[in-house]
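Tertiary structure, described
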Amino acid sequence: MRTLAVVGGGVIGLSVAWRAAAAGWSVTLFDPAAGTGASWVAGGMLAPLSEGWPGEDEPLEFGAATLARWPDFAARLHAETDVSVFVADETLTVALDGADAADLRTIADFVAARGHEMRLLDRRGVRAAEPDLARTVRAGLLSPTEPAVDNRLLVAALRRCCAQAGVDIRAESVAAVDDCAQDQIVLAAGAATARLWPGLPVHPVKGEILRLRHRPGAPPPPRRVIRARVHGRPLYLVPRAHGIVVGATQYEAGFDTAVTVAGVRDLIADAEAVLPALGEYELQETAAGARPGTPDNLPLIGRLSDRVIVAAGHGRNGILGVPLTADAVLALLGGDVLPEAKAADPQRFSRESGGRDDASA
């Protein structure tokens, strides 16, 4: 039987391990704390269309392709585990001033021209959709095809799928690629992937989030994902069964995952500017993770050598990228390249920046 080592136990590594084991590979997954890290600290938004911007065609196409795979992927998860991971069906991006409202029109025109449905809402339309949003909201952009998932339910479901498929999950670190004896190796260690293949253009981007619990008497969470920009800072509110996830700060801080007072302060202030009733919620948890960023905001999915495949660098869209990444890695293991993942080929960066020589593993 063909053997595969998956290094990294976030949602990308777990999904690859599960799908490969189901396809007949003998899979060993290495991670000292599988299911933690950035996958545990996430909003779970599947919103590539709402993030579209003129000139960024390849990220939009990649995001739309993986979004289209999510219904089948979630259905397969449900069939295997009886777990439903969806927590919202739509995404609403709101504008608090005229400049932001103009940006919404720009996004709507750009995305609609590429065949995706987006609907601009005036102030009255926003209030009808989400009555508890602040009265200062001037306009909105509704994306009816962008849902959200509960990232922690997703992690639990993927771990169960891996167990059922026979994946050997080892709570061990891998110090070097050559330490793995398996026939093939997939590097899916998130922001730490460059430590295993020096020179890969993946770096940590710190993000802090808040988890708020709904209290009796407080207005309920919004039914949709709410996105906004407040004082120039991006903000999202993602409903959960018993509350809301609020995120996320974003700045370069290496692998520091300490939650700062300033981060919590800004998130609460910005969130209340969009949804004033949040002040009545319980502050249940604060957390931070290191997202794996790349220079062009596209992941790295492709071969680094005859034995080594990379699947990392998904930035803030790791949850979104799960289905397409798993499909792309399975194709690579079978000697093929998935057309929708070609833009994520790590060879798009110079071989010099790729670090190691292909013959070294």
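Residues numbered from 1 in each chain as written. Predicted model: local features only at pLDDT ≥ 70, side-chain atom pairs only at ≥ 80, totals over all residues. Heavy atoms only, no water.

1. Examining the side chain of Gln182
Quick note on the threshold: Counting from the N terminus, the helices are DSSP H or I runs at least four residues long and the strands are E runs at least two residues long. Relative accessibility under 20% of the residue-type maximum defines a buried residue, over 50% an exposed one, and the middle range a partly exposed one, all with a 1.4 Å probe and only protein chains included. What makes two residues a contact is simply this: any of their non-hydrogen atoms within 4.5 Å.
In this structure, Gln182 sits in the loop between strand S8 (168–170) and strand S9 (184–187). Looking at Gln182, the relative accessible area reads 13%, which means it is buried. Discounting chain neighbours no more than four positions away, the residues touching Gln182 are Thr3, Leu4, Ala5, Thr28, Phe30 and Arg307.

2. Brief notes about the sheet that holds strand S2 (residues 26–30)
Convention followed: Strands were regarded as paired on the criterion that DSSP finds at least two bridges between them. All axes here are fitted lines through C-alpha atoms, helices being fitted over the stretch that makes contact, and every angle between N-to-C directions spans 0 to 180 degrees.
Ordered by their spatial adjacency, six strands build an open sheet running S8-S2-S1-S9-S16-S15, and the pairing between neighbours is mixed. Looking along the sheet, the strands with just one partner apiece sit at the ends: S8 and strand S15 (300–303). The average angle at which neighbouring strand axes cross in this sheet is 15°, direction not considered. The strands touched by helix H8 (residues 322–333) are strand S1 (3–7), S9, S15 and strand S16 (308–312); relative to S15, the strand with the most contacts, the crossing angle is about 10°.

3. Examining helix H1 (residues 11–22)
Applicable threshold: A helix's residues, less one, multiplied by 1.5 Å, set its expected span.
With 12 residues, H1 should reach 16 Å at 1.5 Å per residue; the first-to-last C-alpha distance of 16 Å fits that figure. Most of H1 is tucked away, with 11 of its 12 residues classed as buried. Backbone geometry just downstream of H1 places Gly24 in the positive-phi region, at approximately 110°.

4. Description of the side chain of Thr28
If you trace the backbone, Thr28 turns up in strand S2. The contact partners of Thr28, leaving out residues within four places of it in the chain, are Leu4, Ala5, Val6, Asp168, Arg170 and Gln182.

5. Comments concerning the environment of Glu51
Within the secondary structure, Glu51 sits in the loop between S2 and helix H2 (57–81). Separated by 42 residues in the primary sequence, Glu51 and Thr93 place their C-alpha atoms 9.6 Å from one another. In contact with Glu51, not counting residues within four places along its chain, are Glu56, Arg227, Arg316 and Asn317.

6. Focus on the sheet that holds strand S4 (residues 91–95)
Two orientations exist for strands paired in a sheet by backbone hydrogen bonds: parallel and antiparallel. Taken in spatial order, the eight strands make up an open sheet running S5-S6-S4-S11-S12-S13-S10-S14, and their pairing is mixed. Two strands close off the open sheet at either side, each with one partner strand: strand S5 (119–121) and strand S14 (282–293). Pairs of neighbouring strands in the sheet enclose a mean axial angle of 20°, with direction left out of account. Two elements, S4 and strand S6 (residues 139–143), share five bridges in a ladder whose sense is antiparallel. Bridge pairing in S6 places Thr91 opposite Ser143. The strands touched by helix H3 (residues 98–112) within the sheet are S4, S5, S6 and strand S11 (225–230), with S6 carrying the most contacts at an inclination of about 25°. Helix-sheet contacts for helix H7 (residues 261–274) involve S4, strand S10 (203–213), S11, strand S12 (233–240), strand S13 (243–247) and S14, and the interaxial angle to S12 is about 75°.

7. Points about the nonpolar core
Keep this limit in mind: By nonpolar core is meant a set of buried Ala, Val, Leu, Ile, Met, Phe, Trp, Tyr and Cys residues that side-chain atoms within 4.5 Å join together.
Judged by nonpolar contacts, the single largest core of 65 residues is most densely connected at Val27, Trp70, Leu77, Leu154 and Val186. A total of nine residues in this core trace back to one element, the largest contributor, which is H2. Discounting residues that sit within four places of it in the chain, Val186 has contacts with Leu4, Ala5, Val6, Val7, Val16, Ile309, Ala311 and Val329. Membership of the second largest hydrophobic core comes to 24 residues, among which are Leu133, Val246, Leu275 and Leu278.

8. Digging into the pattern of salt bridges
Heads up, the rule is: Whenever Lys or Arg places a side-chain nitrogen within 4 Å of a carboxyl oxygen from Asp or Glu, that contact is recorded as a salt bridge.
Inspection of every chain in the model, using the stated rule, returns 18 salt bridges. Of the charged contacts in the structure, one is a salt bridge between Asp327 and Arg19, with a shortest N-O distance of 2.8 Å. One end of the pair, Asp327, is in helix H8; the other, Arg19, is in helix H1, and 308 residues separate them in sequence. Here Arg19 falls in the buried class, since its relative accessible area comes to 17%. The shortest N-O distance in the salt bridge between Arg170 and Asp168 comes to 2.8 Å. Sharing partners across several salt bridges, the network here consists of Arg19, Arg69, Asp327 and Glu340.

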